[in-house]
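Here is how the chains run, residue by residue.
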Amino acid sequence: MSQNGSPAPGRRAAVIDGLRTPFVKAGTDFRDLSAVDLGALVVNELVARSRISPGEVDSVVFGQVIPSSTVTLIGREMVLRTQLPRNVQAHTVARACATSIQATSDAADQIQLGHSDCAVVGGAESLSDAPIFASRRLAQSLVELSRARSMGERLKLVSRLRPRDFAPVPPALKEPTTGLTMGESAEKMAQVNGIPRAAQDAFALQSHHRAAAAWEAGRFADEVMHVPVPPRFERVSARDNVVRKDTSVEALSQLRPVFDRRYGTITAGNSSPLTDGASALLVMSEEKARALGLTPLGYVRSYAYAALDPRDQLLQGPAYAAPVALDRARLTLADMDLVDMHEAFAAQVLSNLKAFASKAFAEKELGRAQPMGEIDPEKLNVNGGSIAIGHPFAATGGRMILQTLRELGRRQRQYALLTVCAAGALGAAMVLERE
Ligand SMILES: CC(C)(COP(=O)(O)OP(=O)(O)OC[C@H]1O[C@@H](n2cnc3c(N)ncnc32)[C@H](O)[C@@H]1OP(=O)(O)O)[C@@H](O)C(=O)NCCC(=O)NCCS
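Fair warning: this is a prediction, and the values are worked out from it, not measured in the lab. Counting starts from 1 at the beginning of each chain's written sequence and moves along it residue by residue. Totals for whole chains, interfaces and linings use every residue, but because this is a predicted model, local features are given only for residues with pLDDT of at least 70 and side-chain atom pairs only at 80 or more, for both listing and counting. Only hydrogens and water are set aside when side-chain values are computed; all heavy atoms of the structure are taken into account.

## Concerning the site of the ligand
Any residue with a heavy atom positioned within 4 Å of a molecule or strand is treated as near that molecule or strand. Around the ligand, 21 residues are found, and the nearest of them are Lys 25, Cys 97, Arg 244, Thr 247 and Ser 272. We call two N or O atoms a polar contact when they sit within 3.5 Å, provided that within protein one can donate a hydrogen and the other can accept it, with sequence-adjacent residues counted only if both atoms are side-chain atoms. One of the side-chain N or O atoms of Lys 25 is found 3.1 Å from an oxygen atom in the ligand. Between the ligand and Arg 244 there is a distance of 2.9 Å, counted from an oxygen atom to a side-chain nitrogen or oxygen. The fraction of the free accessible surface of the ligand (980 Å²) that becomes covered by protein chains is 66%. Think of a 1 Å grid over the protein atoms and nothing else: a 1.4 Å probe that fits but is trapped marks a cavity, an open set flanked by protein within 12 Å on at least five of seven lines marks a pocket, and residues with an atom within 4 Å of a point count as lining. A cavity or pocket is said to hold a molecule if more than half of that molecule's atoms lie within 2 Å of its grid points. Here the ligand is seated within the largest pocket. Residues were grouped as follows: Ala, Val, Leu, Ile, Met, Phe, Trp, Tyr, Cys and Pro as nonpolar; Asp, Glu, Lys and Arg as charged; and all remaining residues, including Gly, as polar. Classifying every residue of the shell around the ligand by side-chain character gives 13 nonpolar, six polar and two charged. With residues, only the protein chains shown are counted as cover, and all accessible areas are computed by Shrake-Rupley using a 1.4 Å probe.

Below, the structure written as structure tokens:
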């Protein structure tokens, strides 16, 4: 690093290209694929499309939030199951919904340090293939059974089991500290910040309409690969299948609250859905990109992670991380040409927007005299977000970086801010630049 915090000349991390699978509702087109399958598909296709020799890649950083029961190191699998040479080192990252932001910032750091010149980063998630666990009693009995020496001992162990011990235990999207699900936590935020149902539905509607318009205008065509659908491979998944062009205020307003059925405001329509999908980016040092004659989509200018107490507002992390990332970029919110805020729930986005604009929040929570400011709605999530496009947890950050850099290019603009809220009350923010 130089004295002003900029990377050494030529060591800026350039995003050369990226790709994602369609994002599809869990249990639909990708129900027979695992996260590793989806990740390998996208990494292979990205490397092939980039036309660089696979031997140029020196590292892979890849993530998955809900672990597969049979794969412990998805990063390395992205090498072993693709055309990348087997001597490419790899590691796995996890930062809940900010996992592929983490993969990208890890690669950017390694590039700045001079430890890497060319990395493939990304994330994959299959909620269709979420591990189903055995109950603790069943698991313990099975271990003891394997050690039992006589038939009598075995029968004794089996006779201890009750029918309820055989019930499968699905993974919970619950915050361990509070016991609340993500949806219940978002419900709490809607109440604390006074976010009415109508505002949430209006935001969700906009997300769907913008994503549908982006598909229709062909803006996603070059960033989404086609995936033949197993087991028969007679169909191809070519588009996100959650986006609803025809949704309306009336349809959204009729949906029943899911997480607080009596008094709640959060519905299937104003939440991100459970989704399968993968994304990957090719990240290089500026120097190497130049040497290979490649024109980057843009660069990572800065990033920051932050956290608050999960018992407070679980999904408010962006409002804490963004000011730090902007300071590190030596820029302000007013300099941003685009802002992309991950949409876990409309209530979470609207709560964060309130905090961005609030002087009281800036003074009390951030110790700053001035708030970050209001985000121009015409610059925010201009091609839709996770509510409409879907949210395969570990793949979302990669999608956001790719989608935003390509949009900056179309608009011939310079700067963008990305934010992601994540489990554990974490927040991530990244500033991207084009030139
Ligand atoms: C909210 C949630 C429980 C809904 O799951 P679900 O019930 O499977 O949702 P569905 O897609 O079946 O939608 C339920 C109904 O709403 C309707 N619906 C959903 N979105 C709609 C929209 N935009 N417009 C109109 N109708 C819509 C569906 O058509 C469906 O109607 P039907 O019952 O008549 O078929 C689930 O998506 C969830 O848990 N999301 C949160 C995920 C999470 O916690 N993420 C972490 C964020 S960090």
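## Notes on helix α11 (residues 346-357)
Here a helix means four or more residues in a row that DSSP labels H or I, a strand means two or more in a row labelled E, and each is numbered from the N terminus. How far a helix is expected to stretch is found by multiplying one less than its residue total by 1.5 Å. For α11, with twelve residues, the first-to-last C-alpha span of 17 Å sits near the 16 Å given by 1.5 Å per residue. Of all twelve residues in α11, nine are buried, a share of seventy percent or more. Note on exposure labels: buried denotes an accessible area under 20% of the residue type's maximum, exposed denotes more than 50%, and partly exposed covers the range between, all computed with a 1.4 Å probe on protein chains only. Within α11, burial applies to Ala 346, Ala 347, Gln 348, Val 349, Leu 350, Ser 351, Asn 352, Ala 355 and Phe 356.

## Quick look at the pattern of salt bridges
Each salt bridge in this description consists of a side-chain nitrogen of Lys or Arg and a carboxyl oxygen of Asp or Glu lying within 4 Å of one another. Using the criterion set out here, one finds 26 salt bridges in the structure. Residues Glu 378 and Arg 210 are paired through a salt bridge, measuring 3.8 Å at the closest nitrogen-oxygen approach. Here Arg 210 lies in helix α7 (residues 197-216) and Glu 378 lies in the loop between α12 (359-366) and α13 (386-389), a separation of 168 residues in the sequence. The class of Arg 210 is buried, set by a relative accessible area of 14%.

## Describing the packing of aromatic side chains
Each Phe, Tyr or Trp ring, with Trp reduced to its six-membered ring, pairs with another whose centre is within 6.5 Å; inter-plane angles below 30 degrees give stacked pairs, above 60 give edge-to-face pairs, and intermediate values give tilted ones. Tallied over the full model, the rule gives four aromatic pairs. Geometrically, the ring pair formed by Trp 215 and Phe 220 is edge-to-face, given 5.4 Å between the ring centres and 90° between the ring planes. On the accessibility criterion, Trp 215 (8% relative accessible area) is buried. Their ring planes at 55° and their centres at 5.6 Å tell us that Tyr 303 and Tyr 305 sit as a pair that is tilted.

## A closer look at the state of the cysteines
Simply put, disulfide is the name for a covalent bond between the sulfur atoms of two cysteines. A pair of cysteine sulfur atoms is labelled a disulfide when the two atoms are within 2.5 Å. Overall, the coordinates contain zero disulfides when judged by the stated rule. Note on Cys 421: no disulfide assigned, nearest cysteine sulfur contributed by Cys 97 at a separation of 6.3 Å. Judged by its relative accessible area of 1%, Cys 421 is buried.

## Considerations on the side chain of Gln 316
Residue placement: Gln 316 occurs in the loop between β9 (298-307) and α10 (317-329). A polar contact is formed between the side chain of Gln 316 and the side chain of Asn 352, at a distance of 3.2 Å. Aside from chain neighbours lying at most four places away, what touches Gln 316 is Met 189, Asn 193, Leu 308, Ser 351, Asn 352 and Ala 355. Only heavy atoms enter the contact rule, under which two residues are in contact if any of them lie within 4.5 Å.

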